[in-house]
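Given next are the chains, with one letter for each unit.
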Amino acid sequence: MSSESNDIWGAIFTDYQRGLRIPHQIVRDDGQTETEHADRYFDAPRGAEEEALLARIEGRVLDAACGPGAYTLALQKRGLEVISVDSSRGAIGVCTARGCADARVMDVRELRFEPATFDAVLLMGGSFGLGPDRAGQIALLRGLHEITTSNGIVVGSTLNPIATGGSKTALGADPHAAYHERNRRVGNPPGLIRIRVDYRGRQSPWFQVWMMTPDEIEATATSAGWRVRSLNPSQPACLCVLEKAADRSAAAADTPPRTRSDL
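Quick caveat, the model's predicted, so the values are computed rather than measured.

The rules behind these values
Residues numbered from 1 in each chain as written. Predicted model: local features only at pLDDT ≥ 70, side-chain atom pairs only at ≥ 80, totals over all residues. Heavy atoms only, no water. Helix = DSSP H or I, 4+ residues; strand = E, 2+ residues; numbered from the N terminus. Buried < 20%, exposed > 50% of the residue type's maximum accessible area, 1.4 Å probe, protein only. Areas by Shrake-Rupley, 256 points an atom, 1.4 Å probe, with all protein chains shown as cover. Core = buried A, V, L, I, M, F, W, Y, C linked by side-chain atoms within 4.5 Å. Contact = heavy atoms within 4.5 Å. Expected span 1.5 Å × (residues − 1). Pairing = 2+ DSSP bridges. Axes fitted to C-alpha atoms, helices over the stretch in contact; angles between N-to-C directions. Parallel < 35°, antiparallel > 145°, perpendicular 65-115°, else oblique. Left-handed = near helix turned anticlockwise from the far one by under 90°. Nonpolar A, V, L, I, M, F, W, Y, C, P; charged D, E, K, R; others polar. Polar contact = N/O pair within 3.5 Å; in protein donor to acceptor, adjacent residues only side chain to side chain.

**As for the overall build of the protein chain**
And step 1. Within the protein chain one finds eight helices and twelve strands.
And step 2. Within the protein chain, the proportion of its 263 residues that are buried is 49%.
And step 3. On the protein chain, roughly 12,100 Å² of surface is accessible, and the fraction owed to carbon and sulfur atoms is 50%.

Here it is as structure tokens:
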């Protein structure tokens, strides 16, 4: 996501590991800013639904875009073999310090593993839409298809943008709805956002993340040879489980996203 000299996520996680409790800001390109604290990245699972999903994972696991390794540690406690990867060198350093057994600097979009290496891949903490657009997301999921076994699964989380309403500006407008509508006017998915991270006077480069609707999850999964086993579309924090489709020929047809009425 950024060069080593501008590894802001690495700095955030390293400082927290050292006992510093300094918030960071997520800044969207329309000026919308949210303040976060690193503690949310250090604990897993997040809630009962995630706990139930993790309890059903078996075999060899890839924790992709692992951050400080919270999900890796939760699965290691169950005795599972987990490889943790993240593009942030600082995050991987924190993973190792916390006890992650095999943590590697690697971008989720450029994974280097042999075919059928993993039984499950995690894309948690909102990392499911790191594609960061439709073509990139399909390419990411196709890459995961190659490195997973015939019964392999992907467990991911994203924010369902159509379930994130409710916040209001001082003038009474919903800034998320306005952003979604701006995306639609230019032909983009509503949840395709451009953001940066600000921390202790430093700024990351701008980067894109795709917060995906249930329809978009299903369409991109189908194009990459997966099918949706389960998802919870009613909640802003959308958890999904993908399993391999019986016939991957659908992946060759790069089908457009479908509306809910088509499903």
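**Overview of the nonpolar core**
And step 1. One finds Leu-62, Phe-128 and Leu-144 to be the most contacted residues of the largest nonpolar core, which totals 48 residues.
And step 2. Take this core: its biggest share by element is six residues, from helix 1 (residues 8-17).
And step 3. Apart from residues lying up to four places away in sequence, Phe-128 is in contact with Leu-123, Gln-137, Leu-141, Val-154, Gly-156, Ser-157, Thr-158, Met-212, Ile-217, Cys-240 and Leu-242.
And step 4. Counting 16 residues, the second-largest nonpolar core is a separate cluster that includes Leu-54, Leu-80, Leu-122 and Val-155.

**Topic: helix 5 (residues 134-147)**
And step 1. The first and last C-alpha atoms of helix 5 sit 20 Å apart over 14 residues, in line with the 20 Å expected at 1.5 Å per residue.
And step 2. All buried positions along helix 5 are accounted for by Gly-136, Gln-137, Ile-138, Leu-140, Leu-141, Leu-144, His-145 and Ile-147.

**Some words on unusual backbone geometry**
And step 1. Across the junction of Ala-44 and Pro-45, the peptide omega takes the value 0°, indicating a cis bond.
And step 2. Locating Pro-45 in the fold gives a position in the loop between strand 2 (33-36) and helix 2 (48-55).
And step 3. Even without glycine at this site, Ala-65 takes up a positive phi of about 55°.
And step 4. As for its placement among the helices and strands, Ala-65 is situated in the loop between strand 3 (61-64) and helix 3 (70-76).
And step 5. One non-glycine residue, Arg-200, adopts positive backbone phi at about 50°.
And step 6. For Arg-200, the position within the fold is in the loop between strand 8 (192-199) and strand 9 (202-203).

**Details of the pairing of strand 6 (residues 118-123)**
And step 1. Burial runs high along strand 6: five of the six residues are buried.
And step 2. Looking at chain direction, strand 3 and strand 6 are connected through three bridges and run parallel. Pairing of Asp-63 across the sheet is with Leu-122, part of strand 6.
And step 3. Summarising the sheet, strand 6 and strand 7 (residues 148-159) pair through five bridges and their orientation is parallel.

**Quick word on the packing of helix 5 against helix 7 (residues 214-223)**
Describing two packed helices takes the angle between their axes plus the distance from one axis to the other.
And step 1. Their axes nearest at 8 Å, the elements helix 5 and helix 7 cross at an angle of 55°. Put simply, helix 5 runs oblique to helix 7. For the pair helix 5 and helix 7, the sense of crossing is right-handed. Residues Arg-134, Gln-137, Ile-138, Leu-141 and Arg-142 of helix 5 form the contact with helix 7, whose own contacting residues are Thr-220, Ala-221 and Ser-223.
And step 2. The class makeup of the residues in the contact of helix 5 with helix 7 is three nonpolar, three polar and two charged.

**Overview of the packing of helix 1 against helix 4 (residues 89-98)**
And step 1. Their axes nearest at 7 Å, the elements helix 1 and helix 4 cross at an angle of 30°. With respect to helix 4, the element helix 1 is oriented roughly parallel. Here Gly-10, Phe-13, Thr-14 and Gln-17 of helix 1 come into contact with helix 4, specifically with Gly-90, Ala-91, Val-94, Ala-97 and Arg-98.

**Here's the deal with the side chain of Thr-14**
And step 1. The topology assignment puts Thr-14 in helix 1.
And step 2. Here Thr-14 falls in the buried class, since its relative accessible area comes to 19%.
And step 3. Within the structure, Thr-14 has its side chain in polar contact with the backbone oxygen of Gly-10 (distance 2.7 Å).
And step 4. Excluding its chain neighbours within four sequence positions, the residues that come into contact with Thr-14 are Gly-90 and Val-94.

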